[in-house]
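Residues per chain, in single letters:
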Amino acid sequence: MKFADNLPIYIQIMNFIKVKIVSGEWNGGDQLPSVREFSKQLKVNPNTIQRVYQELEREGLIFTQRGTGTFVREDEAMIRQLKQSRAEELMDHFFREMQNIGFQKQEIKRMVMEWVEKEEKE
Amino acid sequence: MIKLMKYEIRETHKFMTGILVLVLLLITGLHAAVGQDGSASAFGSMFVLFSMLTFFGAGLAAFLYIVGSFKKELYEDRGYLTFTLPVTGYQILGAKLLVAVMWFILISFVTFFYLIFAAMAFGDPEINTWELIKGLFQLLPVKALAVDGIFSFISMINILILIYFSMAVGRMTFRNKKIGGIWFIIFLVLAGLFSFGRTEISELLPYYLDLETFRILNLEGIAASNLQVHLDSGFALNVQSEEVVNIASVFYTLITFVILFFGTGYLIEKKIDL
Amino acid sequence: MKPIVEIRNLTKKYGNKTALDGLDLNIEKGKVTGILGPNGSGKTTLIKIMTGLMRPTSGKVLIDGNEIGVQTKAVVSYLPDRNFLYKWMKIKDAGRFYRDFYADFDMDKFTKLLQFMKLDPEMKITSLSKGMQEKLNLSLVLARNAKLYIFDEPIAGVDPVARDQILEAIINNYHPDSSVIITTHLVRDMENIFDNVVFIQEGRILLNGNAETLREERGMQIEELYKNIFTEGGSGL
């Protein structure tokens, strides 16, 4: 994975995992790679992965079973909620960027509608 | 320290064995060239001259090689290995000196005995070998040779440690590797100072030990027994191969050795920046 | 927790040139610390003092509570940025050399590292390319179970494949009881393996902190921070 420019690595890896869960690539009950394995794959410090797992556990997305490993939590509501907050984040980001380049909310709304219609036709 | 010596030997053994083989070949060649009747052809005398030069060269090369092995540690990247090992500077220095001593003993002994062997092998085959050796030992001033050997040995080790010391001082004072040859100037100056000191001290305290009788002599005693005194090397030799040594000079040599050894070790340990 | 390295008011002068200027620094135990700075910033001098290759002009350095000497050399595993092995050696001889001198050298680990690096123990040191040489040196250093590993420019001048292998080997063999110090000017390739970073210039510490906290505070990666700090005038601070 490639890291973006403005966020701590652990947050970027957390987001990466969240996307995997939300998209259904990683399902409830799936086992995550071990800290060492994951740090090797991403070429990052194991302490960073450790922190990622701790934070995700604190947020209730994953859980660790002593001796067996770390797993994605089987919780539909949690995943829905995650999906929701992730979507909000993306929308937030989108609107902020559009406003940055000079579009007003109404304009953006109109453009989104047009874009959706165009997509549907194709 | 044994381990340090092991790797010092592995580093130097090829070159040293090479020198030894060369010397042995030359001795063989010499005997063959001179021939059994003792008269030498024109080629033979050329060969003798050439061999003498090569003997000298081989000795010098061996010596310089030992010197170079220390230089490698101080002036080249190998120091990054040696000086980060969990050993003291004294151990590193001790290992290098002991291995050098070992090589010089080995080479001189093998050369010496091979000389005798070659003399017999190329000599008259009728003569009984064992008788010849016995005769040889009776003829040779064994004691004088031993004393000479020990003293030339000590002075060589002293030169070696003086070179090591000079290199350490040179490395410490001048960080610039481009003037790495500075150690040689330091060496010449120090060698001059030390031999001046030795001469002074042996003139100041002119008491000599006669190695034949273990009597202490003063200068009049020496004059009476017709001994030649070599002040520079601190010992004397008379015509009957009887030897006397200047006592003060011997102590001087030993003390400078100890000072130089610990001085060099201290510099390696505390002062040198790689 | 007590730091693995404590540096107090460390100064190093060469004649009238000052390489380290009253430097104070603690290196955290169990962490990977990156020492970052351009050439001539003093980072190599700092490393050389920690490994016992140089003596401080003044000040104090303690490793694991001890002054630099035989005791610290036995617990520090140092990777210099040059070829320091005997020319006559084969790779396996280099392993034996390390086993002979370092009680914490693990021959099995060395063999595994060689396999990982695809190095043949029968190869002669003199026949190795720059990248292979670097991989061998790293294998020797990592095969020790040392308290402190010091890597001086571990990936400088090696190709990208070797670079990845070297990074992977460092990550793989790092364990939380040991501490790691890495100097580099190739910040982009290495920044993700640092817990802490120390920026050093003209023998002084400009900035020292947790890498993630710095990314968060400054809103940029360490590489960008490095460029900001060390681009002319050092205006980035």
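Only a predicted model underlies this, so the values are computations on that prediction, with no experimental measurement involved. (Residues numbered from 1 in each chain as written. Chains lettered and ligands numbered in written order. Predicted model: local features only at pLDDT ≥ 70, side-chain atom pairs only at ≥ 80, totals over all residues. Heavy atoms only, no water.)

Residues and numbers for the overall build of chain C, please.
Looking only at helices and strands, chain C has nine helices and ten strands in total. For chain C, whose C-alpha radius of gyration is 18 Å, the value lies close to the compact-globule estimate of 18 Å for 237 residues. The principal-axis extent of the C-alpha atoms belonging to chain C is close to 50 × 35 × 35 Å. In chain C, which comprises 237 residues, the share counted as buried stands at 58%. Considering only intrachain contacts with a sequence separation of at least 6, the fraction spanning at least 24 residues in chain C is 68%. (Helix = DSSP H or I, 4+ residues; strand = E, 2+ residues; numbered from the N terminus. Rg over C-alpha atoms; globule rule 2.2 N^0.38 Å. Buried < 20%, exposed > 50% of the residue type's maximum accessible area, 1.4 Å probe, protein only. Contact = heavy atoms within 4.5 Å.)

I'd love a proper account of the interface of chain C and chain A, names of residues and values included.
In this complex, chain C contributes 23 residues to the contact, which on the side of chain A involves 21 residues. A combined buried area of about 1,700 Å² lies between chain C and chain A, and 47% of that area is made up of carbon and sulfur atoms. Broken down residue by residue, the surface that chain C buries against chain A is led by C:Ile171, C:Asn192 and C:Glu212, which jointly contribute 35%. Put simply, chain C and chain A have one salt bridge between them. Ionic pairing is found between C:Glu168 and A:Lys43, a salt bridge with its closest N-O pair at 3.8 Å. (Buried area = accessible area lost by both parts, 1.4 Å probe. Salt bridge = Lys/Arg side-chain N within 4 Å of Asp/Glu carboxyl O.)

Report on the interface of chain B and chain C, specifying residues and quantitative values.
Across the boundary between the two partners, chain B contributes 26 residues, which contact 27 residues of chain C. When the two sides are added together, the surface that chain B and chain C hide from each other amounts to roughly 2,600 Å², 60% of it contributed by carbon and sulfur. Put simply, B:Asp273 and C:Lys12 hold a salt bridge, and the shortest N to O gap is 2.4 Å. Breaking the side of chain B that touches chain C down by element, the ones donating at least two residues are helix 1 (2–34), helix 3 (79–82) and helix 9 (247–271) of chain B. Among the elements that make up the side of chain B that touches chain C, the one with the highest residue count is helix 1 of chain B (six residues). Of the residues that constitute the side of chain B that touches chain C, the class distribution is eleven nonpolar, three polar and twelve charged. (Nonpolar A, V, L, I, M, F, W, Y, C, P; charged D, E, K, R; others polar.)

Just give me the short version of the nonpolar core, but keep the residues and values in it.
The biggest cluster of nonpolar side chains holds 137 residues, and the ones touching the most others in it are C:Val5, C:Leu46, C:Leu136, C:Phe151 and C:Phe199. Leave out the neighbours within four places in its chain, and C:Phe151 touches C:Leu79, C:Leu138, C:Val141, C:Leu142, C:Ile170, C:Val180, C:Ile181, C:Ile182 and C:Thr183. In this structure, A:Leu42, A:Val52, A:Tyr53 and A:Leu56 belong to the second largest nonpolar core, which totals 24 residues. (Core = buried A, V, L, I, M, F, W, Y, C linked by side-chain atoms within 4.5 Å.)

Go over the pattern of salt bridges, please, and point to the residues and values.
Residues and elements named next belong to chain C. Evaluation of the coordinates by the stated rule reveals 32 salt bridges over all chains. The partner of Arg 204 in a salt bridge is Asp 21, with the nearest N and O atoms 2.7 Å apart. Here Arg 204 is found in strand 10 (residues 204–210), whereas its partner Asp 21 is found in strand 2 (residues 17–27), with 183 residues between them in sequence.

Which residues make up helix 3 (residues 46–58) of chain A, and what values do they have?
With 13 residues, helix 3 of chain A extends 18 Å from end C-alpha to end C-alpha; this agrees with the ideal 18 Å at 1.5 Å per step. When helix 3 of chain A is considered as a whole, its buried residues turn out to be A:Pro46, A:Thr48, A:Ile49, A:Val52, A:Tyr53, A:Glu55 and A:Leu56. The inward-facing, buried residues of helix 3 of chain A abut helix 1 (9–22), helix 2 (35–42), strand 1 (62–65) and strand 2 (69–72) of chain A together with helix 6 (160–173) and helix 8 (211–218) of chain C. If you check the start of helix 3 of chain A, you find a side-chain oxygen 2.7 Å away from the backbone N of A:Asn47, and it comes from A:Asn45. Residue A:Gly60 follows helix 3 of chain A closely and has a positive phi angle near 85°. (Expected span 1.5 Å × (residues − 1). Polar contact = N/O pair within 3.5 Å; in protein donor to acceptor, adjacent residues only side chain to side chain.)

Distances and angles like these do not, on their own, reveal function.
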